[in-house]
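# Per-entry structural report
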Amino acid sequence: MINIPKGTKDVLPAQSYKWSFIEDAAREVAKVFNLKEARTPVFEHTELFLRGVGETSDVVNKEMYTFEDKGGRSVTLKPEGTAGIARMFIENGLASSPMPVKTFYITPCFRYERPQTGRLREFHQFGIEVFGSASPQTDAEVIFAASAFLDKLGIKNVNLQINSIGCRICRGEYNKAVKNYFAPKLDGMCQACKTRFEKNPLRILDCKEEACKKTAEGAPKITDYLCGECKTHFQSVQRFLKAQNVEFSVNPNIVRGLDYYTKTVFEFVSTDIGAQGTVCGGGRYDNLLEELGGAALPAIGFAAGLERLLLLMENTKVEFPDEPSPVIFIGGMDCESREKAFEIATYLRGKGICAEIDHMERSVKAQLKYADKTGARFVTVIGENELVAQTVNIKNMRTGEFQAVKLENIYTYLVKEKQLW
Ligand code: ATP
Ligand code: MG
């Protein structure tokens, strides 16, 4: 027996309707926000993530699924969606399209992490990326889209936390202040933070080690170091959110896990699924396209972890739509009536109605039991008498009532009872 790899999950056939529900909600939100789907490969040249996601991020340092292919190239399974979409944007010359270019994706992601609740090695993200606009209105729209998605899923009790981590200019000042603060405290901090101190001091604020977290509590706040433009931008984003009555809090400790962010960053956090409570995270990345060799265009996006959302929905008993089931089960008693059942089922399927028959040559009693298990709304069994009369008795499984229906009228009957499907 070969088992599933650690940190991965099967979606069983009886559970997949929940995934469809989440993905349909994502697509509906994308539609009303005029976002167009983009699909990029599951693997890319490793270099893309080194440059895109950033060499000081945990994702690149510890979590990448990198390997050499048979041609000796280093390739990496995508740990996130943004770098690939940014590469696609540049490579296909989308900078010459009317701006902004608004995209979304639903994709598997791969990170070599310690599997635990809400943390997998293969997981899925719904993300959006909007290229070309520097306007705070776009930040607000992207945040609204995330919020609309969570609403559509029926998720409540998630807190929106926002922050601004500034641009290259204010980050310079801030890095100096952070370094001054941490320099005398470095001895008590983890090895990774010592490296971060040298390469990207802001990242220290994202460390998950208890000792480092404690030390970081008194660190200078980035919001106190924003340059004029970044400050105005951040205030404007907040005004847009307030004007639409979106509740949020400013959390100066949010720096996000990836290196490419600038200005606005945000997270939607739940307290209902334990330590891995961030269900959606995003922000502006105004330097990424340029760093990847493209035009200097601003961009902003978010990614929501679908497994965490599912977990949250299950933990908080959010209602899913009913699992789809057959509209009608048509059984057969003998060879001839089975053929008739097959014929009618084929006709109904052609009309877009989910019809099921017996595939296992069961007894009539066993067929009825099976029909009940499938959740079919209507059940009927054809036999010799029914063939002679060209009429069947259809049982309405909700009410238990029977209705005699001519074989040729089954479709019309089901359509008439459509409210019961
Ligand atoms: P975390 O702090 O939880 O490690 P992150 O900052 O690494 O998150 P992002 O790179 O911003 O996460 O990814 C966006 C979303 O993807 C997260 O908010 C989360 O919902 C989901 N996610 C990230 N890593 C995993 C994982 N290993 N397993 C499941 N979902 C994940
Ligand atoms: Mg992470």
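Residues numbered from 1 in each chain as written. Chains lettered and ligands numbered in written order. Predicted model: local features only at pLDDT ≥ 70, side-chain atom pairs only at ≥ 80, totals over all residues. Heavy atoms only, no water.

### Some details on the pairing of strand 11 (residues 299-305)
To keep it simple, the criterion reads: A 1.4 Å probe rolled over the protein chains alone gives each residue an accessible area, and that area as a share of the maximum for its type sets the label: buried under 20%, exposed over 50%, partly exposed in between. Going along the chain from the N terminus, every DSSP run of H or I of four or more residues is numbered as a helix, and every run of E of two or more is numbered as a strand. Between any two strands, pairing holds if DSSP finds at least two bridges.
The element strand 11 is largely enclosed, with a buried count of 7 among its 7 residues. Neither face of strand 11 is open: one carries A299, G301, A303 and G305, the other I300, F302 and A304, and all of them are buried. Alignment of strand 6 (residues 122-131) against strand 11, held across 7 bridges, turns out to be antiparallel. Its bridge partner being in strand 11, G127 is matched across the sheet by A303. Of the pairings in the sheet, the one linking strand 10 (residues 278-284) to strand 11 comprises 5 bridges and is antiparallel in character. Within strand 11, the position partnered with C280 by the bridge is A304.

### Regarding the pattern of salt bridges
Stated precisely, the cut-off is as follows: Put simply, a salt bridge is a Lys or Arg side-chain nitrogen that is within 4 Å of an Asp or Glu carboxyl oxygen.
Going through the model one piece at a time under the given rule, you end up with 25 salt bridges. Measuring nitrogen to oxygen at the nearest pair gives 2.8 Å for the salt bridge that ties K263 to E229. Of the two residues, K263 sits in strand 9 (residues 262-270) while E229 sits in helix 9 (residues 228-243), which places them 34 residues apart along the sequence. Taking the shortest distance from any N to any O, the salt bridge between K340 and E343 comes out at 3.2 Å.

### Topic: the side chain of R203
Heads up, the rule is: In this analysis, two residues are considered to be in contact whenever any of their non-hydrogen atoms come within 4.5 Å of each other.
Structurally, R203 is set in the loop between helix 7 (191-199) and helix 8 (210-216). Apart from the residues within four sequence positions on either side, R203 is in contact with T56, S57, R196, R256, G257, L258 and D259.

### Notes on the site of ligand 1
This is how it is decided: Throughout this document, a residue counts as near a molecule or strand when at least one of its heavy atoms sits within 4 Å of that molecule or strand. Polar contacts, as counted here, are pairs of nitrogen or oxygen atoms within 3.5 Å of one another; within protein the pair requires one atom able to donate a hydrogen and one able to accept it, and residues that are adjacent in sequence qualify only if both atoms are side-chain atoms. Areas reported as accessible are Shrake-Rupley estimates using a 1.4 Å probe. Residue values count occlusion only from the protein chains shown. When residues are sorted by character, Ala, Val, Leu, Ile, Met, Phe, Trp, Tyr, Cys and Pro go into the nonpolar class, Asp, Glu, Lys and Arg into the charged class, and all the rest, Gly among them, into the polar class.
Around ligand 1, the structure places 16 residues, and the nearest of them are R111, E113, R119, L120 and R256. Between an oxygen atom of ligand 1 and a side-chain N or O atom of R308, the distance comes to 3.0 Å. The fraction of the free accessible surface of ligand 1 (590 Å²) that becomes covered by protein chains is 92%. Breaking the shell around ligand 1 down by element, the ones donating at least two residues are strand 6, strand 10 and strand 11. Broken down by element, the residue count for the shell around ligand 1 peaks at 3 residues, all from strand 10. Of the residues belonging to the shell around ligand 1, the class tally is 5 nonpolar, 5 polar and 6 charged.

### Quick look at the sheet that holds strand 12 (residues 328-332)
Which entries qualify depends on this criterion: Fitted lines through C-alpha atoms give the axes, limited to the stretch in contact for helices. The angle between two N-to-C directions lies from 0 to 180 degrees.
Spatially, 5 strands are ordered 13-12-14-15-16 in an open sheet, and the strand pairing comes out mixed. Whereas interior strands pair on both sides, the edge strands pair on one side only; in this sheet they are strand 13 (355-357) and strand 16 (402-406). Each strand axis lies, on average, 25° off the axis of its neighbour in the sheet, ignoring direction. Of the strands in this sheet, strand 12 and strand 14 (378-382) are in contact with helix 13 (residues 364-374), which crosses strand 12 at around 170°.

### Re the packing of aromatic side chains
By convention here, two paired aromatic rings are described through the distance between centres and the angle between planes. Test applied: Within 6.5 Å between ring centres, the rings of Phe, Tyr and Trp (the latter by its six-membered ring) count as paired, and their orientation is classed by plane angle as stacked under 30 degrees, edge-to-face over 60, tilted in between. Working rule: Lys NZ or Arg CZ, within 6 Å of ring centre, within 35 degrees of ring normal, means a charge sits over the ring.
Summed over all chains, the structure comprises 16 aromatic pairs. Taking 4.9 Å as the distance between ring centres and 85° as the angle between the ring planes, the aromatic pair formed by Y181 and F182 counts as edge-to-face. Each member of the pair, Y181 together with F182, is buried. Among the aromatic residues, those joined into a ring-pair cluster are F89, F131, Y260, Y261 and Y285. Across from the ring centre of Y411, 5.1 Å away, lies the NZ or CZ of K351, which sits over that ring.

### A look at the domain arrangement of the protein chain
Selection rule: Domains are outlined according to an automatic or database domain assignment.
Domain parsing of the protein chain yields domain 1 (16-167 + 227-315) and domain 2 (328-420). Each of domain 1 and domain 2 has a C-alpha centre, and these two points are 48 Å apart.

### As for helix 4 (residues 82-91)
By the criterion of burial, helix 4 is predominantly enclosed, with 7 of the 10 residues buried. Among the residues of helix 4, those classed as buried are T82, A83, G84, I85, A86, M88 and F89. Close packing links the buried residues of helix 4 with strand 2 (43-45), helix 2 (46-52), strand 5 (101-110), strand 6 and helix 10 (288-291). Where helix 4 terminates, the next one or two residues include G93, which has phi positive at roughly 60°.

### A look at the environment of I357
In this structure, I357 sits in strand 13. Of the residues examined, I357 reaches a relative accessible area of 7% and is grouped as buried. In the structure, I357 is positioned 190 residues away from C167 in sequence and 63 Å away in space, judged by C-alpha atoms. Beyond its immediate chain neighbours, meaning those up to four positions away, I357 contacts F329, I330, A341, F342, A345 and R349.

### Digging into helix 9
The following threshold applies: Expected span of a helix: the number of residues minus one, times 1.5 Å.
The end-to-end C-alpha distance of helix 9, which contains 16 residues, comes to 22 Å, matching closely the 22 Å that a straight helix rising 1.5 Å per residue would cover. Here the buried face of helix 9 lies against helix 5 (136-152), strand 7 (158-164), helix 6 (168-182), strand 8 (249-250), strand 9 and strand 10. Of the residues flanking the end of helix 9, it is N245, one or two places downstream, whose phi is positive at about 55°.

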